[in-house]
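# Structural features, examined
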Amino acid sequence: MKIKEFKIEYLWAFVVLGMCFAYVSSMPVDQYDFWHYIKTGNITWHTHKIIDKEIFTFTAFNKSYINLHWASQLYYYFFYSVGGIPLLAFMHALIITGSFLLVFKLCLDYSKNMRIAAIATFISIVLSVTNFALRPQEFSILFFALTLFLLKKEKYYFIPLLFLLWVNIHGAFVTGLILVTVEVVGSIKFAKKFEISTRLLTLLILCFITTLFTPWGLKLYPAIFNIESQNLSNLVTEWFSPSLHTWAGLIFFINFLSFFILKNFSTKNWNRTDILTFIVFAVLALRSQRAIIWWAIATAPILALHLNSVILNLKIKNNSSEENLLLNYIFALILALYIVFCLPWLKPYNIFLPKSKHLLIALDTPCKLADKLNTISSAHHIFNNFSWGSYFMWSLKDNQKIFISPWLSVFPKKTIHDYLLISNGNAFWEKVLRDYDIDTLALGKEEQGRLLTLVNNSPNWVKIYEDEIGVIFKKTEL
Amino acid sequence: MKLPKITIEHLWIILIIGTVFGYVCTVPVDEIDFWHYLKAGEFMMTSHKFIDKDIFSFTMLNQSYVNFHWASQVIYYLLYSAGGLYLIEFIHALIITASFILLFFLAKERTENIRIASASLFITFMLSATNFSLRPQSFSILFFVLTMYLLHKRILWAIPLLILIWTNVHAAFLLGLILILIEWVCSIKNIKSIFNSPFLYTLITSFLTTLLNPSGIGLYKSVFAVESVSRKVSYITEWETPSIHDTTGLLFYAALILLFVLLNISKAKLNRKDLLTFLIFSFLALSCLRSVVWWALIMTPVFAEVLGKVFKKGGLPNSGTSLPFVNFIIVLVFTLYLTGCIPWLKVNNPFLPASKRLLINDDTPLEIANFIKENHKIKNIFNDYSWGSYFIWALRNDQKVFYDPRCAIFPQKVISDYLLITGGDYSWESLLKYYRVDALALSKNEQNELILLVKASADWKKVYEDKLGIVFLKQTKRIG
């Protein structure tokens, strides 16, 4: 590219997407919702069988469930074998950035203004940032953005193929079906007679049919709806409705209300599809915080369109003709250098990153606790901190079973209730532990403080390990 | 005798306003948030002393607090003395209905169409119905709408007087100041007009009148403290962001989306005042469920205007041939039904569900309170939070509760300890001992974990049980 072509508008886009990549790349892997995917991928790879029964916990042992993420588990295990966590983290950053590149392109098509497109994409990224953890949802983010892109470009023939892949990777393929449905309904005309786009309707039917190409067929759908209702327990806050009193909720509601302001000052009309997109994805986002990302991506182009209209009405002039293009290049080069040093292999040397971001694995991952548990041959039934379930599933021996894991939908309500009862230091804690025949406790200092106090004072348990994040107790021999 | 000519438009408004009246009349008094006001009013009127120290709980006994609602407490007691609960409920229904009548006039000015004004009123009713329980907030509903009306009619001199009364009745007087502030901001056209605006003087005067309360400027600190403490108490859902999973939240978000759709269909633009009002009150409503009612009230004229533009675009339906006689019969039958809804008569109204025929709702621990009152050994009662208000009213003066709905006056430790004991925490017995509790009045619905523990304990004996709860008495240990 010649120097004279790299205008400030390109810099805007580069900064937004570059910082997105840098942010995701430098995120340490958290302990909540990733490790069990590698473990199950490992087992699937070596046994050539998809795991469809719970095998890691003793409270739901052998209980059947629909393994929605089997293909992503294989992906994680494969790339983990090739390049470890750094490679997975790098691929993850590419996937997320690729998704928002598509969002940017759509915003650009809608607004015809690169700066506006960059702003709208940035807003979309900020809304979605709490969903950037390394887990199968990343594929859904990419596929969702791709589906939206293909729909707007009217390149429908790729979409059913996309769904065929998506349905075996992550349960949020349903949001893709919703996107297609919105387009179908938006195409309906009532002028003289009822008219609907047959192309879109055929697409919707084909997409639905491809979603049946999984090991479970139609049974997938009740399982997905069941997950949502089960996760409305006290343990998984991302399934709760957004609240104005959290940062993520505040930003979402500001964004939501800003559409009313834009509607008031924009000269562009809202077509039926855009109105439906607004309504449907607003309802999804209001139902649970984890759906805010779908709202953010689906409404980004609409935001760009109306923001551009408002800016044009305000007659804000764009003074790019006198800019120093060399400065743009220098700035871009510096940013590129920073981004390179955010890569997983190089980030420990990046002095501009906080120390917690230098790590590949989050500081509160119970690595040392797991190592210690592995040395305890008599630890078979472990009452664990819920947040550590995923990591323990990955790191413990096959004959060491835990109490609870992130896959909440497989557990009966009583198990979740008993977990909370024990963790909160209810007076019946010892009796409940006895009922479950628990021989080892792996407790989080932050999450299970009251229980720790009780166990420390109990003659029935002896402390055998302690570090900054947790404590292991073993049942005393009677 | 000539029958009054009642058109279908009259029917619309009569039905809506009548429904509001009938609905509010038939809401039984709940146990949570009314009775302690009545007791406080009784104390003040009989002792001629102002309550600014707690006298009802043993956890906060004699601690000072700001009594925001003193005037409403006095009003409630005076009405109770004059006509009992029947009269209070009736006046309460009149207050809410009067608010809606004023709201109707405001909506009609924006659309000139009675049916559309009625429809917007109906939306407001649906959104605010869960806030119609008998408590001082109902005065705020009336004063809020009255402030809207006075501002609209530019009867500015009356507003400070209204705010003066409001400040001593309920803490939501701040909303009145917000309404005046919005008018002032929107009246500013240039720098000169900032200080020339009559709204500025109304705002200043109104603010000064808010200082005419027993706590003076200290009122403001307490109002904000109430809000922050109440938010932290997670079981008080009305202080949380509305959720689409509960009815009021669902209706609120549906109304927001409906407004958006109507703005699109009508291609209407909100003027500066309406837009600012919408944004401020939307934020308030999103911050807590109990503010949805203010959003609903303030947006009524906006809904009326936007709906008017939608139907103007599509053409209003023709009212067709009016049948005044039929309309008259409908109004007559409806009036008879409404008469049957008034508190004195509703108990015999066969068209009401059984739960609505009650004066007091059936979750109120009447028999439990009677039992405790008769038992002279009981002084310090660990109670279910939602029964605190009724116990304050029904028990003897020497019997005190642990905790009640005036949660903002309790220190965080008391609230935390209440939750620990209720949740059956391991420290439950030591905490009860620490507070010298001699009786437990536990709810079967809310305190089941604790009930199981108490039943298994030798230190407590069950002395009463009914469908709502159980009373346990502490066993005194004999020495020797």
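### Let's talk about the domain arrangement of chain B
Here chain B is partitioned into domain 1 (8-30 + 66-314) and domain 2 (366-474). A straight line from the C-alpha centre of domain 1 of chain B to that of domain 2 of chain B covers 37 Å.

### Here we look at the sheet that holds strand S2 (residues 400-401) of chain B
Two orientations exist for strands paired in a sheet by backbone hydrogen bonds: parallel and antiparallel. Residue and element names in this part refer to chain B. Judged by pairing direction, the sheet is mixed, and its 5 strands sit side by side in the order S2-S1-S3-S5-S4 without closing on themselves. Each having just a single partner strand, S2 and strand S4 (460-465) make up the two edges of the open sheet. With 5 bridges joining them, S4 and strand S5 (residues 469-474) adopt antiparallel strand pairing. Within S5, the residue paired with Tyr464 across the bridge is Val471. Sitting on the sheet, helix H15 (residues 366-374) touches strand S1 (380-383), strand S3 (439-443), S4 and S5, and the angle it makes with S5 is about 20 degrees.

### Side note on the nonpolar core
Across soluble globular proteins, nonpolar side chains have a tendency to be buried as a group. In this structure, Cys107, Ala120, Trp295, Ile297 and Ala304 of chain A together with Leu440 of chain B are the most contacted members of the largest nonpolar core, which totals 258 residues. For this core, the element with the highest residue contribution is helix H3 (residues 70-111) of chain A, accounting for 16 residues. When sequence neighbours within four positions are dropped, the list of residues in contact with Ala120 of chain A reads Cys107, Ala300, Leu303, Ala304 and Leu307 of chain A.

### Remarks on the interface of chain B and chain A
A common way to state how big an interface is: give the accessible area lost once the parts meet. Taken together, the contacts link 26 residues of chain B with 23 residues of chain A. At the level of secondary structure, the elements contributing two or more residues to the side of chain B that touches chain A comprise helix H11 (247-266), helix H12 (272-287) and helix H19 (448-456) of chain B. A class-by-class count of the residues in the side of chain B that touches chain A yields 14 nonpolar, 8 polar and 4 charged.

### Side note on helix H6 (residues 159-166) of chain A
Residues and elements named next belong to chain A. Among all positions of H6, only Ile159, Pro160, Phe163 and Trp166 are buried. Buried residues in H6, looked at end-on, bunch into an arc of 115 degrees, giving them a common side. As for H6, its buried residues are in contact with helix H5 (137-152), helix H7 (173-186) and helix H8 (198-210).

### What about unusual backbone geometry?
Positioned with a positive phi, Lys112 of chain A is a non-glycine residue whose angle comes to about 60 degrees. Its location among the elements puts Lys112 of chain A in the loop between H3 and helix H4 (114-128). In the Ramachandran plot, Arg154 of chain B falls in the positive-phi region, its phi being about 60 degrees despite a non-glycine side chain. For Arg154 of chain B, the location among the structural elements is in the loop between helix H5 (137-153) and helix H6 (158-169). Here Arg154 of chain B falls in the exposed class, since 11 other C-beta atoms lie within 10 Å of it.

What counts and how
Residues numbered from 1 in each chain as written. Chains lettered and ligands numbered in written order. Predicted model: local features only at pLDDT ≥ 70, side-chain atom pairs only at ≥ 80, totals over all residues. Domains from an automatic or database assignment. Pairing = 2+ DSSP bridges. Helix = DSSP H or I, 4+ residues; strand = E, 2+ residues; numbered from the N terminus. Contact = placed C-beta atoms within 7 Å. Axes fitted to C-alpha atoms, helices over the stretch in contact; angles between N-to-C directions. Core = buried A, V, L, I, M, F, W, Y, C linked by C-beta atoms within 7 Å. Buried ≥ 20, exposed ≤ 12 C-beta atoms within 10 Å, placed from the backbone. Nonpolar A, V, L, I, M, F, W, Y, C, P; charged D, E, K, R; others polar. Arc of directions from axis to C-beta.

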